[in-house]
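Structural characterization, general
One-letter residues, chain by chain:
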Amino acid sequence: NNKNDLEDEALKKAKSSQNNETKEILKFMFDLKTISNTNTNTTIQVAQQLFKEKKTQKNSEMEQLRPYVPQYIIDFFQRKPKPLKNYVVENVFAAILYADTSTFGGGKIFNDSEQRFKHYNIYFERILSIIDEHGGDVLKFAGDSLLCIFDTKLGQKNLEIDSKEVKTALRLQILKAIQCAKELHNIPANVRKVNDVTMELHIGIGAGLIRLIFVGGIQQKWEYLPIDCQSYEGPTQQIDIANRYAEKGETVIHAIAAEYVHEDLLKTVPIFEGRNQNDKKIIAYRVHSLKTHSNQKLERPPPIALDNNSV
């Protein structure tokens with residue numbers, strides 16, 4: 001057989017093979033043009049070694065990229081490794097934390113863009129580290145604010161939001177979000193302050209069922225968006241309301257999310273929808289502390305192992 005025949009044979013084997021690794025090796029051989037008129041077995045051995053080295057390098061590169069990709073996205077492509085061809089919608093039961101940065105004091109830091117960005121990087125590195133330690137997953141950045149979820153991992157089980165399993169899991173994730181928020185507010189002053197400018201967070205927390213939708217596809221580029229399932233007071237609307245009432249250094253939890261942890265909250269201040277407290281309902285609570293049994297740091301879930309199917 002000549003070289004072209006061998007290439008055709010390799011492609012046929014790759015298409016018909018049931019073993020994914022054999023299939024990838026044969027395709028890899030073809031891509032590198034390693035098939036020659038010499039001994040085919042020798043060629044395959046060389047290709048296997050090259051493939052093994054490439055796979056190791058690929059996993060190492062993916063590990064370097066992990067901090068820049070939401071854990072949920074990594075998990076999604078571990079479960080569904082094939083490239084997306086159409087939009088996908090997934091249900092997620094989660095607590096959501098929205099943290100927005102405010103600056104106050106003098107304005108000297110803003111006269112030096114390089115110093116400003118350097119300080120923001122230091123501050124946000126600490127923020128991201130704390131969120132990660134508490135098992136949070138940052139989905140989106142919006143300027144100097146961020147949105148993260150504390151996922152129950154129950155979204156694929158087709159459960160109702162009022163089921164006992166979901167309520168119990170949401171309570172734990174909301175407690176994680178509150179504990180995380182408390183630690184974010186306690187970031188040392190030397191990290192939050194430079195010159196005469198101090199940065200403070202105001203944080204809103206919500207909880208419930210959201211949908212993550214993957215949209216796009218043009219030139220194989222995709223975007224993912226968290227949206228509410230219900231038309232009123234879903235988790236993203238909850239954090240919008242809660243964050244609106246949160247002053248600098250405060251955490252506000254929406255009343256709907258607070259129902260899951262009402263036995264855990266020790267000191268709160270109710271926020272009413274209007275000025276007249278007699279006529280308006282409580283819309284949110286300012287959270288000051290948790291009861292002792294609820295204040296113990298909850299375990300962080302282990303990171304998902306990356307495999308060669310990860311995108």
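Residues numbered from 1 in each chain as written. Predicted model: local features only at pLDDT ≥ 70, side-chain atom pairs only at ≥ 80, totals over all residues. Heavy atoms only, no water.

Focus: the overall build of the protein chain
Counted only if it meets this: Only DSSP runs of H or I reaching four residues or more are called helices, and only runs of E reaching two or more are called strands; each is numbered from the N terminus. Relative accessibility decides the category of a residue: with a 1.4 Å probe and only protein chains considered, values under 20% of the type maximum give buried, values over 50% give exposed, and everything between is partly exposed. Using a 1.4 Å probe, accessible areas were evaluated by the Shrake-Rupley method; residue-level cover was limited to the displayed protein chains.
A tally of regular secondary structure across the protein chain gives 9 helices and 9 strands. Put simply, the protein chain has 311 residues, and 41% of those count as buried. Accessible surface, the protein chain: about 18100 Å² in total, of which carbon and sulfur atoms supply 49%.

Description of the environment of I241
Selection rule: Note on contacts: a residue pair is in contact if any heavy atoms of the two residues lie within 4.5 Å.
With respect to the secondary-structure elements, I241 resides in helix α8 (residues 235-245). I241 sits in the buried class, given a relative accessible area of 12%. Expressed as a C-alpha distance, the spacing of I241 and G206, which sit 35 residues apart in the sequence, is 9.2 Å. If near-sequence neighbours (up to four positions away) are discounted, I241 is found in contact with H254 and I283.

Considering the nonpolar core
Selection rule: Here, nonpolar core refers to any group of buried Ala, Val, Leu, Ile, Met, Phe, Trp, Tyr and Cys residues whose side-chain atoms link them within 4.5 Å.
In terms of nonpolar packing, the biggest core is built from 41 residues, with L97, I127, I174, I178, L184 and I253 touching the most fellow members. Those elements giving two or more residues to this core turn out to be β1 (88-105), α5 (113-133), β3 (145-151), α6 (164-185), β5 (197-216), α9 (255-258) and β9 (282-290). In terms of residue count, α6 provides more of this core than any other element does, 10 residues in total. Those residues in contact with I174, other than ones at most four positions away along the chain, are A95, A207, I253, A257, Y260 and V261. Counting residues in each nonpolar core, the second largest holds 17 residues, with Y72, I73, V88 and Y224 among its members.

What to know about helix α4 (residues 71-79)
Burial within α4 is extensive, with 7 of its 9 residues counted as buried. All of the buried residues along α4 are Y72, I73, I74, D75, F76, F77 and Q78.

Concerning a nonpolar patch on the surface
Quick note on the threshold: Think of a patch as exposed residues, more than 30% relative accessible area, with no salt bridge, where like charges cluster within 9 Å and nonpolar side chains (Val, Leu, Ile, Met, Phe, Trp, Tyr) cluster within 5 Å. The term salt bridge refers to a side-chain nitrogen of Lys or Arg lying within 4 Å of a carboxyl oxygen of Asp or Glu.
A grouping of L65, Y68 and V69 is seen on the molecular surface, where their side chains present a nonpolar patch of about 350 Å² in accessible area. With respect to the element layout, V69 can be found in the loop between α3 (40-65) and α4.

Some words on unusual backbone geometry
One non-glycine residue, K153, lies in positive phi territory at about 65 degrees. Here K153 lies in the loop between β3 and α6. Given the relative accessible area of 48%, K153 is considered partly exposed. At Q220, a residue that is not glycine, the phi angle is positive and equals roughly 60 degrees. Accessibility expressed as a relative area gives 53% for Q220, which makes it exposed.

Section: the state of the cysteines
In plain terms, the rule: In plain terms, two cysteine sulfur atoms within 2.5 Å form what is called a disulfide here.
Counted by the stated rule, this structure contains 0 disulfides. In this structure C148 is a free cysteine whose sulfur lies 5.9 Å from that of C180, the closest cysteine sulfur available.

With respect to the packing of aromatic side chains
The description of an aromatic ring pair uses the distance of the two centres, along with the angle that the planes make with each other. The following threshold applies: Two rings from Phe, Tyr or Trp (for Trp, the six-membered ring) form a pair when their centres are within 6.5 Å of each other. A pair whose planes differ by under 30 degrees is stacked, one over 60 is edge-to-face, and the rest are tilted. Each ring is checked for a lysine NZ or an arginine CZ that lies within 6 Å of its centre and within 35 degrees of its normal; such an atom marks a charge sitting over the ring.
Throughout the structure, instances matching the rule amount to 7 aromatic pairs. The interplanar angle of 80 degrees and the centroid separation of 6.4 Å between the aromatic rings of F77 and F214 together place this pair among those described as edge-to-face. On the criterion of sequence distance, the pair formed by F77 in helix α4 and F214 in strand β5 is long-range, its members being 137 residues apart. As far as the burial class goes, F77 and F214 line up, both buried. Taking 6.4 Å as the distance between ring centres and 55 degrees as the angle between the ring planes, the aromatic pair formed by F124 and F141 counts as tilted. Of the two residues, F124 is situated in helix α5 and F141 in strand β2 (residues 137-142); the sequence distance between them amounts to 17 residues. Taken together through their ring pairs, the aromatic side chains of F76, F77, F214 and Y224 make up a single cluster. Seen from the ring of Y224, K140 lies directly overhead, with NZ or CZ sitting 4.3 Å from the centre.

Points about the environment of L139
Take L139: it is sitting in strand β2. As for L139 and I149, which are separated by 10 residues in sequence, their C-alpha atoms are 7.0 Å apart. The residues touching L139, leaving out its near neighbours within four places in the chain, are P70, Y72, L147, C148, I149, L212, Y224 and P226.

With respect to the confidence of the model for the protein chain
Convention followed: pLDDT: the predictor's confidence for each residue, scored from 0 to 100.
In this model, the protein chain carries a mean pLDDT of 80, and residues with pLDDT of at least 70 account for 68%. No element of the protein chain has a lower mean pLDDT than helix α1 (residues 3-16), which averages 62, and none a higher one than strand β7 (residues 251-254), which averages 96.

Section: the pattern of salt bridges
The tally for this structure, following the rule as stated, stands at 10 salt bridges. Across the salt bridge formed by K157 and E165, the nearest N and O atoms sit 3.3 Å from each other. Residue classification places E165 among the partly exposed positions, given a relative accessible area of 39%. Note that R171 is salt-bridged to D264, the shortest N-O span being 2.8 Å. One end of the pair, R171, is in helix α6; the other, D264, is in the loop between α9 and β8 (265-272), with 93 residues separating them in the sequence. The exposure class assigned to R171 is partly exposed, which follows from its relative accessible area of 27%. With relative accessibility at 3%, the residue D264 sits in the buried group. Linked through salt bridges whose partners overlap, the residues forming this network are D75, R79, K80 and E90.

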